[in-house]
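Chain by chain, the residues:
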Amino acid sequence: MTNEIIDALSWRYATKKYDPNAKISPGDLETLLESVRMSVSSMGLQPYRVLVIENPELRLKLKGAAYDQDGITEASHLLVFAVDRNDCEKQISDYLQNISTTRAISLDSLDGFKQSMHKFVGGLGEKRIPWAEKQCYIALANLIYSASLLKIDATPMEGFNGAEFDRILGLAEHGLQTAVIATVGYRHPEDKMQHSRKVRKSKEELFIHL
């Protein structure tokens, strides 16, 4: 029996050359974004925003801040995961209001959860931003896996100048900071990497059963 999950993950690779003429359909893009929205997040807080960038001129500027990687401009879309650096008090308050509205329960009934969140998130101090970045990477993993199921290529990237991305996108004025980026689209027929065998540790090397 074919294992759809493993087949999808075996099919994907870090695409180096995208087909600039192949665009993701609105329906598939919505599915990808919804997979990001539905991602696991610590306490469900989702302390980040995701910029979905199509604008060619803007992406050309960002390409220079990403060491001229062609995928920035050639892929169908560029996604920028940005940490929310704003006051965690407001983030928590907005989240609790969302819970109250979505589940039709009173805010008072969430007091215990509210205290737990304030204690945990507020107690992170300087570790809050690195913690939030980890949440971005979880959402990024959802994007990559969902894209592979749809036979859409996705390339996560850490090779970029974060400060330049923040400047070009005007993120500071919104209290945001670039954490990680990803290109999504379709591989170019000339991308030789698609024919290379995937290299991973063996099960024996990777897993420790206790």
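The coordinates are above.
To keep things clear, this report deals only with the structure shown in the data block. Not measured: the values here are computed from a predicted model.

Before going further, it helps to examine helix α7 (residues 128-149). The α-helix winds at 3.6 residues per turn, so residues separated by three or four positions along the chain end up facing the same way. End to end, α7 covers 33 Å across 22 residues, agreeing with the expected 32 Å (1.5 Å per residue, within 8%). Following α7 by one or two positions, lysine 151 adopts a phi angle in the positive range, close to 60°.

By size, the foremost hydrophobic cluster in this structure holds 33 residues, and its most contacted members are Phe81, Cys136, Leu140, Leu143 and Val184. For this core, the secondary-structure elements that each account for two or more residues are α2 (26-37), β2 (77-84), α5 (88-103), α6 (111-122), α7 and β4 (176-185). Per-element tally for this core: the top contributor is α7, with 9 residues. In this structure, Ile53, Ala65, Ala82 and Phe160 belong to the second largest nonpolar core, which totals 16 residues.

Let's shift gears to the side chain of arginine 187. By the element assignment, arginine 187 lies in the loop between β4 and α9 (203-206). There is a polar contact of 3.3 Å between the side chain of arginine 187 and the backbone oxygen of tryptophan 11. Side-chain polar atoms of arginine 187 contact the side chain of aspartate 153, separated by 2.7 Å. Leaving out residues up to four positions away in the same chain, arginine 187 has contacts with Trp11, Arg12, Tyr13, Thr15, Lys17, Tyr18, Asp19, Asp153 and Gln194.

Our next topic: the sheet that holds strand β1 (residues 48-53). Read across the open sheet, the 4 strands follow the order β1-β2-β4-β3; overall the sheet is antiparallel. The open sheet is flanked by β1 and β3 (153-157), the only strands paired with a single partner. Ignoring strand direction, the axes of neighbouring strands in this sheet form an average angle of 25°. Pairing between β1 and β2: 6 bridges, direction antiparallel. If you follow valine 52 over to β2, its bridge partner there is leucine 79.

Looking at where methionine 157 falls in the secondary structure, it is placed in strand β3. Sequence separation of methionine 157 and alanine 182 is 25 residues, and the distance between their C-alpha atoms is 5.6 Å.

Further remarks concern the packing of aromatic side chains. Going through the model one piece at a time under the given rule, you end up with 3 aromatic pairs. Ring centres of tyrosine 95 and phenylalanine 113 lie 6.2 Å apart, and the angle between their planes is 70°; on these two criteria the pair is classed as edge-to-face. Residue tyrosine 95 is located in helix α5, and its partner phenylalanine 113 is located in helix α6; the two are separated by 18 residues in the primary sequence. Seen in terms of ring centroids, phenylalanine 160 and phenylalanine 165 are 5.1 Å apart; in terms of plane orientation they differ by 55°. Their pairing is tilted. For the residue pair phenylalanine 160 and phenylalanine 165, the accessibility class agrees, reading buried in each case. Taking the ring centre of tryptophan 11 as reference, the NZ or CZ of lysine 151 above it sits at 5.2 Å.

A full pass over the atoms with the stated rule returns 5 salt bridges. For aspartate 94, the salt bridge is made with lysine 90, and the minimal N-O distance between the two is 2.7 Å. Of this pair, aspartate 94 and lysine 90 both sit in helix α5, 4 residues apart, which is roughly one turn of the helix. Residue classification places aspartate 94 among the partly exposed positions, given a relative accessible area of 42%. Of the charged contacts, one joins glutamate 164 and arginine 167 as a salt bridge, the two residues approaching to 2.9 Å between their closest N and O atoms. Note that glutamate 164 and arginine 167 are positioned in helix α8 (residues 162-169) at a spacing of 3 residues, about one turn of the helix. Under the relative-accessibility criterion, glutamate 164 is labelled partly exposed at 29%.

About the cut-offs
- Residues numbered from 1 in each chain as written.
- Predicted model: local features only at pLDDT ≥ 70, side-chain atom pairs only at ≥ 80, totals over all residues.
- Heavy atoms only, no water.
- Helix = DSSP H or I, 4+ residues; strand = E, 2+ residues; numbered from the N terminus.
- Expected span 1.5 Å × (residues − 1).
- Core = buried A, V, L, I, M, F, W, Y, C linked by side-chain atoms within 4.5 Å.
- Buried < 20%, exposed > 50% of the residue type's maximum accessible area, 1.4 Å probe, protein only.
- Polar contact = N/O pair within 3.5 Å; in protein donor to acceptor, adjacent residues only side chain to side chain.
- Contact = heavy atoms within 4.5 Å.
- Pairing = 2+ DSSP bridges.
- Axes fitted to C-alpha atoms, helices over the stretch in contact; angles between N-to-C directions.
- Phe/Tyr/Trp six-rings, centres within 6.5 Å; stacked < 30°, edge-to-face > 60°.
- Lys NZ or Arg CZ within 6 Å of the ring centre and 35° of its normal.
- Salt bridge = Lys/Arg side-chain N within 4 Å of Asp/Glu carboxyl O.

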